[in-house]
Amino acid sequence: ETGVTQTPRHLVMGMTNKKSLKCEQHLGHNAMYWYKQSAKKPLELMFVYNFKEQTENNSVPSRFSPECPNSSHLFLHLHTLQPEDSALYLCASSQLPTSGYNEQFFGPGTRLTVL
Amino acid sequence: GDSVTQMEGPVTLSEEAFLTINCTYTATGYPSLFWYVQYPGEGLQLLLKATKADDKGSNKGFEATYRKETTSFHLEKGSVQVSDSAVYFCALNSMDSSYKLIFGSGTRLLVRP
């Protein structure tokens, strides 16, 4: 595997289900991100992890719970979601900037549908 | 705060036409600028970048020049192909936090044979 991988690629769940999204990066990076991409809305940054420590939570509802057990793996645990949470969830990774810019590498995303 | 504004799409072109997708930004200091592309059913891929004023980023026939005087980073390609059909995102690296990328809303490009 190379780059950033995400599983599953597609997920359908009911509002009472609990599921998890998985992201793995094979690039040796030390920062990982979750983004939400909804139709007709800009990309929304949800969470940032820097050396496994969460450094940003952009007012994300508690029904989304991230976990970063090491610098290569990132999870997004989902429970009691709402239909408006249906979206493409993108994971990204980067090497913390040493030269003033932050180039992020994205996974293919998980298409989530909440019924 | 920092922001990126892109032209609204969709942009529809015939194959071999010239492409321009406008992007302007508002930022403090000297941000780095990026164009990402998202093909159908996929995540975002970095297309090109420029890290200082007057830099030109280029890749796969696409180019964009960092214009500080006009705070712009327009994407151009001289001859588009059907395979270029995708959504294009302009983004900047915020100087407020080097972890954040600020994205524009995206411009969908459709190239017809």
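Residues numbered from 1 in each chain as written. Chains lettered and ligands numbered in written order. Predicted model: local features only at pLDDT ≥ 70, side-chain atom pairs only at ≥ 80, totals over all residues. Heavy atoms only, no water.

**Student:** For this particular structure, what's the right way to read the overall build of chain A?
**Tutor:** On a plain count of helices and strands, chain A comes out with 0 helices and 11 strands. From first element to last, N terminus to C terminus, chain A shows the α and β order β-β-β-β-β-β-β-β-β-β-β. For 115 residues, the compact-globule estimate of 2.2 N^0.38 gives 13 Å, and chain A sits close to it at 14 Å. For the C-alpha atoms alone, the extent of chain A along its principal axes is close to 45 × 30 × 25 Å. Evaluated residue by residue, chain A yields a buried proportion of 48% over its 115 residues. (Helix = DSSP H or I, 4+ residues; strand = E, 2+ residues; numbered from the N terminus. Rg over C-alpha atoms; globule rule 2.2 N^0.38 Å. Buried < 20%, exposed > 50% of the residue type's maximum accessible area, 1.4 Å probe, protein only.)

**Student:** Any chance you could explain the packing of aromatic side chains here in plain terms?
**Tutor:** For any pair of aromatic rings, the description consists of the separation of the ring centres together with the inter-plane angle of the planes. The final tally for this structure, using the stated rule, is 11 aromatic pairs over all chains. Measuring from ring centre to ring centre gives 5.4 Å for Tyr-35 of chain A and Phe-106 of chain A, while their planes differ by 45°; the resulting arrangement is tilted. Linking Tyr-35 of chain A in strand S4 (residues 31-37) with Phe-106 of chain A in strand S10 (residues 105-106), this pair joins segments that are 71 residues apart in sequence. Exposure remark for Phe-106 of chain A: the relative accessible area of 10% places this residue in the buried category. Here a set of aromatic residues connected by ring pairs shows up, and it is made of Tyr-33, Tyr-35 and Phe-106 of chain A together with Phe-34, Tyr-36, Phe-89 and Phe-103 of chain B. (Phe/Tyr/Trp six-rings, centres within 6.5 Å; stacked < 30°, edge-to-face > 60°.)

**Student:** Would you take a moment to explain the interface of chain B and chain A for this structure?
**Tutor:** In many reports, interface size means the accessible area that the parts give up when they come together. If you look at the interface, chain B gives 18 residues, while chain A gives 22 residues. Roughly 1,700 Å² of surface becomes buried between chain B and chain A when both sides are summed, with 58% attributable to carbon and sulfur atoms. Between chain B and chain A we count 1 salt bridge in total. A salt bridge links Glu-103 of chain A to Lys-49 of chain B; the nearest nitrogen and oxygen atoms lie 3.3 Å apart. The tally of links from chain B across to chain A stands at 5 residue pairs in polar contact (both at pLDDT 80 or more). (Contact = heavy atoms within 4.5 Å. Buried area = accessible area lost by both parts, 1.4 Å probe. Salt bridge = Lys/Arg side-chain N within 4 Å of Asp/Glu carboxyl O. Polar contact = N/O pair within 3.5 Å; in protein donor to acceptor, adjacent residues only side chain to side chain.)

**Student:** Is there a simple way to explain the sheet that holds strand S7 (residues 64-70) of chain A in this structure?
**Tutor:** Backbone-to-backbone hydrogen bonds join strands into a sheet, with any given pair of strands oriented parallel or antiparallel. All names here are of chain A. With respect to topology, 4 strands assemble into an open sheet ordered S1-S3-S8-S7, the strand pairing being antiparallel. Because the sheet does not close on itself, it has two edges, and the strands there are strand S1 (4-7) and S7. Averaged over all pairs of adjacent strands, the angle between their axes in this sheet comes to 20°, without regard to strand direction. Across 7 bridges, strand S3 (residues 18-25) lies against strand S8 (residues 73-79) in antiparallel orientation. Across the sheet, residue Lys-19 finds its bridge partner in S8, namely Leu-78. (Pairing = 2+ DSSP bridges. Axes fitted to C-alpha atoms, helices over the stretch in contact; angles between N-to-C directions.)

**Student:** Is there a simple way to explain the sheet that holds strand S9 (residues 75-77) of chain B in this structure?
**Tutor:** All names here are of chain B. Pairing is antiparallel across the open sheet formed by 4 strands, whose spatial order is S3-S9-S8-S7. Strands with a single pairing partner mark the edges of an open sheet, and in this sheet they are strand S3 (19-21) and strand S7 (56-59). Along the sheet, successive strands turn relative to each other by an average axial angle of 20°, direction set aside.

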